[in-house]
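# Reading the structure
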Amino acid sequence: MIQTERNQNPNTETKIQFTIRWAFYSLWVSVLVGTVSAFFLLALDFVTEVREKNLFLFYLLPLAGGCIGWMYHRFGSRANQGNNLLLEEIHSPRSIIPFRMTPFVFIGTLGTHLVGGSAGREGTAVQMGGSLAHQLARFFPIYGKEHQTLIILGMSAGFSAVFGTPFAAAIFSIEVIQIGVYRWKLLLPSLLVAWCSHWVCLFWNVKHSFFPSVPFQWELNLVLGIFILSIASGFVAKAFIYAIHTISNLSQKMISYPPLRPVLGGMILVLLFLCGVSLDYFGLGVPIIQSAFTLNLPDTAFLWKLLLTAITIGFGFKGGEVTPLFFIGAALGNLFSGISPEHILLFVSVGFIAVFSGAMNTPLACAVMGMELFGVSSGIYYLLATQISYIMSGHVSIYSSQVIGKKKWFRPHSHVGKKISDLK
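Residues numbered from 1 in each chain as written. Predicted model: local features only at pLDDT ≥ 70, side-chain atom pairs only at ≥ 80, totals over all residues. Heavy atoms only, no water.

### Observations regarding helix α13 (residues 322–336)
For α13, built from 15 residues, the straight-helix expectation of 21 Å at 1.5 Å per residue is met to within 8% by its first-to-last C-alpha distance of 21 Å. Among the 15 residues in α13, 14 count as buried, and that is most of the element. (Helix = DSSP H or I, 4+ residues; strand = E, 2+ residues; numbered from the N terminus. Expected span 1.5 Å × (residues − 1). Buried < 20%, exposed > 50% of the residue type's maximum accessible area, 1.4 Å probe, protein only.)

Rendered as structure tokens:
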């Protein structure tokens, strides 16, 4: 447990000592999280390549799911809570986040991708970042709310290293904790850690996904199309969340022994594969996201990715939700680009970030991410689209431990101050 003396600020520490101490902590978090994230990305590329060359690995989904489920059930302890544990410790610090979270989510995510599970990488990076950063509390004097600061810096470092978007990562880490509330005092340290972590990751020759620049264009039918797409993105984000939570709840009711849940999920995924569901919808899906900017995808592409990801995550496989959300959003934008086909770049880029915003309740971070990935020219569209999607998704979230700091439009005031998990 967190020792009582660590909850008391030292009376003898000067501002210079405080600055030096936190400069050391920040540098340590940046180097450590950036390095581990780089290794994770390189390992993820490797297992993805292995799977693509050996399609028989898809048939091992039930076996891999059982192994991952048993590992977490037998040894995982609180690490099984994932990103919700990070948020819980920020809201109500009780103990140091277990170090085992890092190797467990690392192995679990690689195992999921090796056999073709539809999952992402952001959740893994954020969990590793928060867990590794919080380990400093075991060795150095960390006082009171500084425990929360460590976790936030670690989350920022992990997000930035994986996506190569330090500004979005810094805002995400201070925005995701409470809906509608920002911890602006931590923006500068979060940005510095995110930036350093990003460069550490690049030092290890990690190459991030490339996306085209999106020029600004203005036409009435274009604006109306973006508006409709933004509304649809909020509803799709809400459907994604409900699908994951519904499948998760059903699996818990159907199967009392946790390790068997991903076994069943793996069997369902194999059955869908045998029934002819395209390989494009399994795994990370980055190549399909990139092709969405130039080619017409099947109209049902976003639905298939939503379904496969909900099954993968809902039944207990490990991995993040952000990259699948990018896939779903890009495919949705690709579908809506039929309104104005010559503006497909803008529609896809808006869908890319808008669905993410609705599911994570982080509209500002998502808009900034759009500017980092696609250029600032269409930034006004990104700011509007992420806000509209954020409002339309309502008080739901991928992270059930998010606290509602400010209510969204058309939502009751009684929800303010409650966790998402407390709402019926």
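Having seen the structure, we can now continue with the description.
### Quick notes on the packing of aromatic side chains
With the rule as written, the count across this model stands at 31 aromatic pairs. Where phenylalanine 326 meets phenylalanine 352, the ring centres are 4.1 Å apart and the plane angle is 15°; that geometry is what we call stacked. Residue phenylalanine 326 is found in helix α13, and its partner phenylalanine 352 is found in helix α14 (residues 344–360); the two are separated by 26 residues along the sequence. Here the two residues phenylalanine 326 and phenylalanine 352 agree in accessibility, since each one is buried. Through successive ring pairs, a cluster of aromatic residues spans Phe159, Phe163, Phe172, Phe211, Phe293, Phe326, Phe352, Phe356, Phe374 and Tyr382. Geometry around tyrosine 390 places lysine 408 over its ring, the cationic atom sitting 4.3 Å from the centre. (Phe/Tyr/Trp six-rings, centres within 6.5 Å; stacked < 30°, edge-to-face > 60°. Lys NZ or Arg CZ within 6 Å of the ring centre and 35° of its normal.)

### Remarks on the environment of valine 322
With respect to the helices and strands, the residue valine 322 is situated in helix α13. Those residues in contact with valine 322 that sit more than four places away from it in its chain are Glu122, Phe163, Phe356 and Met360. (Contact = heavy atoms within 4.5 Å.)

### What to know about the packing of helix α7 (residues 166–175) against helix α8 (residues 187–203)
One way to put it is that α7 packs onto α8 with a least axis distance of 8 Å and a crossing angle of 135°. Relative to α8, α7 is oriented oblique. Read as a crossing pair, α7 and α8 show a hand that is right-handed. Along its contact with α7, which presents Pro166, Phe167, Ala169, Ala170, Ile171, Ser173 and Ile174, the element α8 presents Leu187, Ser190, Leu191, Ala194, Trp195 and His198. Tallied by class, residues from the contact of α7 with α8 come to ten nonpolar, three polar and no charged. (Axes fitted to C-alpha atoms, helices over the stretch in contact; angles between N-to-C directions. Parallel < 35°, antiparallel > 145°, perpendicular 65-115°, else oblique. Left-handed = near helix turned anticlockwise from the far one by under 90°. Nonpolar A, V, L, I, M, F, W, Y, C, P; charged D, E, K, R; others polar.)

### Some remarks on the nonpolar core
Ranked by internal contacts, the top residues of the largest apolar core, which has 116 residues, are Phe352, Phe356 and Phe374. Here this core takes twelve residues from α14, the largest share from any one element. If sequence neighbours within four positions are ignored, phenylalanine 356 has contacts with Phe159, Phe172, Val322, Leu325, Phe326, Cys366 and Met369. Counting 14 residues, the second largest nonpolar core, distinct from the first, contains Trp22, Leu132, Leu136 and Ala137. (Core = buried A, V, L, I, M, F, W, Y, C linked by side-chain atoms within 4.5 Å.)

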